[in-house]
Amino acid sequence: MRSAEIRRRFLAHFEANGHTVVPSAPLPFDDPNLLFVNAGMVQFVPYFIGQQAAPFKRATSVQKCIRTQDIEEVGKTTRHGTFFQMNGNFSFGDYFKAEAIKLAWELSTKSQDDGGFGLDGDRIWATVYFDDEEAIDIWHRVIGLPMERIVRRGKADNFWSMGIPGPCGPCSELFYDRGPDYGPDGGPEVDEDRYMEFWNLVFMQNERGAGSTKDDYPILGELPAKNIDTGMGMERMAALLQGVDNLYEIDETRPILDKAASLTNKRYGEHSGHAANQSHPDDVRLRVVADHVRTALMLVGDGVTPSNEGRGYVLRRILRRAIRSMRLLGWDDRALPELFPVARDCMSASYPELATDFERITMIAYSEEETFRRTLAAGTTIFDTAVTAVKASGASVLPGEQAFKLHDTYGFPVDLTLEMAAEHGLSVDTEAFHRLMTEQRERAKADSKANKSAHGNSPAYRQLRDLGETIFIGYTDLTTETAVRGIVADGELVTRAKEGQIVEVVLDETPFYAESGGQIADEGLITGDGALLRVLDVQKPLKGLIVHRVEVAEGEIGTGAVVHAQVDPEWRRSARQAHSGTHIMHAALRQVLGPTALQSGSYNKPGYLRLDFAWGSALNEATKRDVEEVSNRALRADLAVTVQHMPLARAREIGALALFGENYDTDVRVVEIGGPWSRELCGGTHVDHSSQVGALTIVGESSVGAGVRRVEAFIGLEAMRYLANERALVNAVSETLKVPPAEIGDRVSTLVERLRTVEKELERNRVAAVLAGAGALASQAQEVAGKQLVAVQAPAGVAGNDLRTLALNIRGRLDQSRPAVVVLTSDVDGRVHFVASVNPSGQQAGVSAGALVKEFAPVLGARGGGKADLAQGAGGDPSKAADALAVVVRSLSASA
RNA sequence: GGGGACGUAGCUCAAUUGGCAGAGCACUGCCUUUGCAAGGCAGGGGUUGAGAGUUCGAUUCUCUUCGUCUCCA
């Protein structure tokens, strides 16, 4: 049975049993503590912890998940994959243990003809928490599972919590016996390879307290509303139903593996035993490729782009690991263009957007491979020099420091270092390498820990949020009378704030828009009770909590005070223009460049907007003009801006654009400009008609990373002012150059050209003037101790580099077969500049320009120095020049 | 968020305790040669990313800033 069919049957089974089908949340999730969604229940957490009322009693989903903690183990074992899909069913205070167990059992064992998975019930085992008699009873008496296939397990295996105080509870896991080929008898306690876990049922029934370790915490009491959270591993079920050993061999990954094998002329499984730990390194590499390529496809599909931090870094690592695994298999060409289309064909049955979005996805992924190839090329040269150095020193071990530096600074993977070192007959000090890696890891960890305790998720916010949601009325009103619900100073709840303090204030309701969706926070005032608060920033640290950072400009403010909140209307008007302008620019970009140019981030504030979008190359002038033209035509057309609320699914149906990485509620706000002309999910504040935006002018276009470009524009009055400025500038230049504006370009380039020629000419003349006296000075050469010596005062005003040129020229005029020494001084604005130069013959005779300078410079009271062939310096008293030159003569005759 | 490295001619890169900014390829001209990565000679091309500091003197050292690459969290 194919994975897509497993998915379909799963959802159908639970939908038929009263569950609402909820689409998968995007992988990048709106939670600072979570890089990616890593379990099916993540998007339902607010319902489980009671922060929000669940809109449905029962839900089911197939959730995309990513786990990278064990990325090094991928391919080596059968159980680790970086991407997987968790099929789940959830109950929020509705059905509990009996129903959950029954639903799971039914679907697992129902015959395939009847829409089930058709597993043999006699080969299913269940584990339960050791004292969960209720679950044991259900398994045995209701389902009919014999007692010998019900296994009691401890807290580590069969008790679930989120790792922090909150809901928790026992679990029950379903295992399938894959038969004696896979390992010894005896159930999951003996061998979890033969007995494969495929479904975990969590019975959320208790409250847990704080604890020190993973399974050391008190279980406090029973929850008032009990919940069910289950997870059936899609890949595991697929492996069972497709009769393959592991998740790398199911229908959604095996074709990628086969493609990699055929490219590299490998035969998968040729050298490996049946058990996972008997895998040949090539087989491990093939599995890594299959796993990582699929994961990367899903990540890029969900809007993640490679970068050097956060989510983007995880993606980069995965892509690069895939590429270098191919390299280790012997494939040096571009690998991703061969593999991504295969991965797309594997996954698009369940995720059709991968096919429609494929051009954008590959643009990002392939350009990352190009970047990596450049990195590898640079690293290889550095590697080669390191190897030559090691060989030259007669050693046979490449130091760990070298391997670490290659990895840390130049991004050259250590496994490639190992492989290439071996080709040169060298080993690598891996112990030192790992020590350095650990040091770096600890540095980063210590830092992030120090950072977390500093600010982060303050409990004060949580307390305030528990008092209820802040009501946002800013879509319709800019002022309101309301009460101060709480004040936070330095992360602590306080009751009062004095004049001059900067604190955070939470109100019962607010017209202030908190920064989100790229729109900057509102500015304005909060007054009342004799106090005047200037609003500096507005943020939403928790869902449903709006926090105003304010400066207490006058008076004092206390909790409970009735205040008047007033958004600056001018500010808001401009902010609305900018935000609507962003949508218009986005639509215009997609109209001109095609649907690939999808927004990946934005920022807008009064008068200004910035939009990042997926695109591989710089926009030329004509394209920028086109985008501007389309945008401004939309403004002129005076399109109506409308806002409506609808279910997320409906919004997707009508093609509303959703931003990557944003987490949307099931009920979303859709902003339309001219109906279908621009349709985006957005919580921002907008104008009523596009003409109110006024004007839009692009002022910059740049790159923000591989495959992402950024446009910046001015909006409304700012756009007009910008253009007016430009016009004034052009007029000024036109007037100065005395040419019409249209001819400025030509005029400037001829001017620059001419200036350059004249400067060259001037330079030549100056040098010629300096060198004019060279012959005369050279003729003043004297013989001192068998050496030619020119030690003279050059004309005044010949400074630094010119003096050097002169000295070298004079030196060139002397007999090169014999030692020649030139020392010149010059009076430059009351300071002496001097140069000494010795020809090669003179250096051989033991005369050093540097040493000479050190001898006579003190006579002048100056400093200088240099090398044997040339030395120079400056400073001191010009009247001592003759004395200094005399020192030179004495020194030369003495050295003879 | 923390660490490392790099910004030099159109491109790829040099420049030994701070002391004449170079090479190869590309470009222009001439010569040689009937051509398909030809040879010779000559030449043009630089604000050493930007700004400040230390110094007689900074591509080199220090600080700031911008950009690129990279590792870790």
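For the structure itself, look to the data block above.
Quick look at the structure, then. Since we're looking at a predicted model, the values are computed, not measured.

## As for the overall build of chain A
Here is step 1: Within chain A, the secondary structure is distributed over 26 helices and 35 strands.
Here is step 2: Its C-alpha atoms give chain A a radius of gyration of 38 Å, clearly above 29 Å, the size a compact globule of 896 residues would have.
Here is step 3: Over its C-alpha atoms, taken along the principal directions, chain A stretches across nearly 120 × 75 × 55 Å.
Here is step 4: Out of the 896 residues belonging to chain A, those deemed buried represent 49%.
Here is step 5: Within the structure as shown, chain A displays about 40,700 Å² of accessible surface, and the carbon and sulfur contribution to it stands at 50%.

## Concerning the packing of aromatic side chains
Here is step 1: Scanning all chains against the criterion turns up 27 aromatic pairs.
Here is step 2: Taking 4.5 Å as the distance between ring centres and 45° as the angle between the ring planes, the aromatic pair formed by F44 and F90 counts as tilted. Of this pair, F44 sits in the loop between β1 (20-21) and α2 (45-48) while F90 sits in strand β3 (residues 83-92), and the two are 46 residues apart along the sequence. Considered together, F44 and F90 belong to a single accessibility category, that of buried residues.
Here is step 3: Taking the centre distance of 5.5 Å and the plane angle of 85° together, the rings of Y47 and F92 count as edge-to-face. Taken together, the residues Y47 in helix α2 and F92 in strand β3 connect sequence positions 45 residues apart.

## Side note on the pattern of salt bridges
Here is step 1: Evaluation of the coordinates by the stated rule reveals 42 salt bridges.
Here is step 2: Notably, a salt bridge pairs K97 with D132, separated by 2.7 Å at the nearest N-O pair. Taken together, the residues K97 in helix α3 (residues 97-109) and D132 in the loop between β4 (124-129) and α4 (133-143) connect sequence positions 35 residues apart.
Here is step 3: Since its relative accessible area comes to 2%, K97 is described here as buried.

## A look at helix α16 (residues 459-466)
Here is step 1: Within α16, the full set of buried residues consists of A460, Y461, L464 and R465. For α16, the angular spread of the buried residues around the axis is 135°, confining them to a single face. Facing away from the buried side of α16 by more than 90 degrees, the exposed set consists of P459 and D466.
Here is step 2: Buried positions along α16 lie against β13 (479-489), β14 (492-494), β16 (502-507), β19 (531-542) and β20 (545-554).
Here is step 3: Of the residues one or two after α16, G468 is the one with positive phi, at around 130°.

## Quick look at the sheet that holds strand β30 (residues 782-784)
Here is step 1: Taken together, 6 strands build an open sheet; the order of strands is β30-β31-β32-β33-β35-β34 and the sheet is mixed. One side of each edge strand has no neighbouring strand; the edge strands of this open sheet are β30 and β34 (863-866). Averaged over all pairs of adjacent strands, the angle between strand axes in this sheet comes to 20°, irrespective of strand direction.
Here is step 2: When β30 meets strand β31 (residues 787-793), the two strands line up antiparallel, connected through 3 bridges. Residue V784 lies in a different strand from β31, and its bridge partner there is K787.
Here is step 3: Relative to the sheet, helix α23 (residues 800-813) contacts β31, β32 (820-828), β33 (831-838) and β35 (870-875), its axis offset from that of β33 by approximately 35°.
Here is step 4: In this fold helix α25 (residues 849-860) packs onto β32, β33, β34 and β35, with an angle of close to 155° to the strand it touches most, β33.

## Some words on a nonpolar patch on the surface
Here is step 1: On the surface, a cluster of nonpolar side chains totalling about 240 Å² of accessible area is made up of I49, M162 and I164.
Here is step 2: Relative to the assigned elements, I164 resides in the loop between β6 (159-161) and β7 (166-177).
Here is step 3: Judged by its relative accessible area of 48%, I164 falls in the partly exposed class.

Cut-off values and rules
- Residues numbered from 1 in each chain as written.
- Chains lettered and ligands numbered in written order.
- Predicted model: local features only at pLDDT ≥ 70, side-chain atom pairs only at ≥ 80, totals over all residues.
- Heavy atoms only, no water.
- Helix = DSSP H or I, 4+ residues; strand = E, 2+ residues; numbered from the N terminus.
- Rg over C-alpha atoms; globule rule 2.2 N^0.38 Å.
- Buried < 20%, exposed > 50% of the residue type's maximum accessible area, 1.4 Å probe, protein only.
- Areas by Shrake-Rupley, 256 points an atom, 1.4 Å probe, with all protein chains shown as cover.
- Phe/Tyr/Trp six-rings, centres within 6.5 Å; stacked < 30°, edge-to-face > 60°.
- Salt bridge = Lys/Arg side-chain N within 4 Å of Asp/Glu carboxyl O.
- Arc of directions from axis to C-beta.
- Contact = heavy atoms within 4.5 Å.
- Pairing = 2+ DSSP bridges.
- Axes fitted to C-alpha atoms, helices over the stretch in contact; angles between N-to-C directions.
- Patch = residues over 30% accessible without salt bridge, like charges linked within 9 Å, V, L, I, M, F, W, Y side chains within 5 Å.

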